[in-house]
Amino acid sequence: MGKILAREGEQNENEKWINLLGEIAGCISIKRPKEVQTICLLLSKSLDRQQKYQREAAAAASSEFVRYSGGFGSLLEQMVEVLCQHVSDESSTVRRLCLRGLVQIPSIHILRYTAQVLGVILALLDDSDESVQLTAVSCLLTILESAPSDAVEPVLINLSVRLRNLQVCMNSKMRANAFAAFGVLSNFGVGVQRDPFLEQIHIALPRLILHLHDDDVGVRQACRNTVKQISLLLEMEGLSVLLSLHCFNSDHRSDYEDFVREFSKQFVQHLPSRVDTCMASIIKVFDAPWPVIQANAIYFSSSMLSFSDDQHILARHFTQVFGVLVGKMSRSSDAVVRATCSSAIGLLLKSTNSISWRADRLDRVDSNRRGND
């Protein structure tokens, strides 16, 4: 079993063995419960073995037996301590499985260890191995289901920052889980951390809107759920009505663009002080690795500019965005990007704000000419 766990590229096989171990652990706990303590202690010692595959096998078994160790005095505490010690093992499989074990602590005991487990998850969200990061995000979703506020609040902002870094991962499952976890965190952002967490929401909001029309359907749904969860903290009057409309829940691009236009209108109206930083965040995504997200950023930025009447915003961003659209419309190899650039340029030119922008440009040209003369 240990050698199978050690094989690279055998994730499905690994999961089969782990599921089998779970069944074995369950059978032993029922038919021979007195053996559980002895087995758990042996597994704990095996996590210190020199051979990597032996430690991986021990981690796999320990992660399943931990759920049955709560009725043996201090055994659960020992198991938790051992699992926490080995989440820094050189083997990514050991790290991943030890973390998986920590979130399988029996529900009647988990509150005692929630803060400790959250600390481990926080560290492993930055792990060098993507499979460990993915496990950490999944475990975070699990632990937050029953976590008390006093355990989450001290790490709320750090968790938000790390999740934001994972929301641009090429792995679609990672993106979906990272967006979903951020939404669950909003349940803890109403207490003493309200103001700092509100800042995290505004930093993450442009990306959430852009990935509402992600290539992956799981990411789309995660973003929809998260936008609904954070909407009460955004203080945008009318947003709840917008989120109930068909255009928000539709997978069609035309509906998504309808939603973006209406969202931009409400954002500019109710949160004008946030428009500048929001625009800066969207512009950074113009060269995203996904063409559809590039197209979303193009349309979102153009919609924001078409509704804004802030001359500072227009002076700072209109020329830049317009130039990018013209360039991408002629040079992009992706049809959705070219088509979106065309419609976005039309959106900008038809907006009343483009008149003041063009007038400002003409004034500058005349001023320059007079200066030269």
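Summarised in this report is the structure supplied together with it. Note that the coordinates shown come from a computational prediction; the quantities given were computed from them, not determined experimentally. (Residues numbered from 1 in each chain as written. Predicted model: local features only at pLDDT ≥ 70, side-chain atom pairs only at ≥ 80, totals over all residues. Heavy atoms only, no water.)

1. Quick notes on helix H4 (residues 52-65)
Each full turn of the α-helix corresponds to 3.6 residues, which orients residues three or four apart in the same direction. Here H4 spans 20 Å end to end across 14 residues, near enough to the 20 Å set by a 1.5 Å rise per residue. The element H4 is largely enclosed, with a buried count of 11 among its 14 residues. Taken together, the buried positions of H4 are occupied by Arg55, Glu56, Ala57, Ala58, Ala59, Ala60, Ala61, Ser62, Ser63, Glu64 and Phe65. (Helix = DSSP H or I, 4+ residues; strand = E, 2+ residues; numbered from the N terminus. Expected span 1.5 Å × (residues − 1). Buried < 20%, exposed > 50% of the residue type's maximum accessible area, 1.4 Å probe, protein only.)

2. Looking at the packing of helix H10 (residues 156-166) against helix H12 (residues 194-210)
Remark: H10 packs on H12, axes separated minimally by 10 Å, with the N-to-C direction vectors making an angle of 10°. Classified by the angle their axes make, H10 and H12 are roughly parallel. Contact with H10, carried on its side by Leu156, Ile157, Ser160, Val161 and Arg164, involves Pro196, Phe197, Gln200, Ile203, Ala204 and Arg207 of H12 and no other residues of that element. Class assignment of the residues belonging to the contact of H10 with H12 gives a composition of 7 nonpolar, 2 polar and 2 charged. (Axes fitted to C-alpha atoms, helices over the stretch in contact; angles between N-to-C directions. Parallel < 35°, antiparallel > 145°, perpendicular 65-115°, else oblique. Contact = heavy atoms within 4.5 Å. Nonpolar A, V, L, I, M, F, W, Y, C, P; charged D, E, K, R; others polar.)

3. Concerning the nonpolar core
The biggest cluster of nonpolar side chains holds 121 residues, and the ones touching the most others in it are Phe259 and Phe263. Each of domain 1 (15-123 + 135-143) and domain 2 (268-363) accounts for three or more of the residues forming this core. Apart from the residues within four sequence positions on either side, Phe259 is in contact with Ile209, Leu212, Leu242, Leu243, Cys247 and Phe248. (Core = buried A, V, L, I, M, F, W, Y, C linked by side-chain atoms within 4.5 Å. Domains from an automatic or database assignment.)

4. Some details on the packing of aromatic side chains
The full count for this structure, using the stated rule, is 6 aromatic pairs. With a centroid separation of 5.9 Å and an interplanar angle of 35°, the aromatic rings of Phe263 and Phe267 are classed as tilted. Of this pair, Phe263 and Phe267 both sit in helix H16 (residues 253-270), separated by 4 residues, roughly a single helical turn. Residue Phe263 shares its accessibility class with Phe267, and that shared class is buried. (Phe/Tyr/Trp six-rings, centres within 6.5 Å; stacked < 30°, edge-to-face > 60°.)

5. Here's the deal with the packing of helix H11 (residues 172-185) against H12
For the pair H11 and H12, interaxial distance at closest approach is 12 Å and the crossing angle is 150°. The angle between H11 and H12 falls in the class roughly antiparallel. H11 and H12 meet at a crossing whose hand is left-handed. For the pair H11 and H12, the contacting residues are Phe179, Phe182 and Leu185 in the first and Phe197, Gln200, Ile201, Ala204, Arg207 and Leu208 in the second. (Left-handed = near helix turned anticlockwise from the far one by under 90°.)

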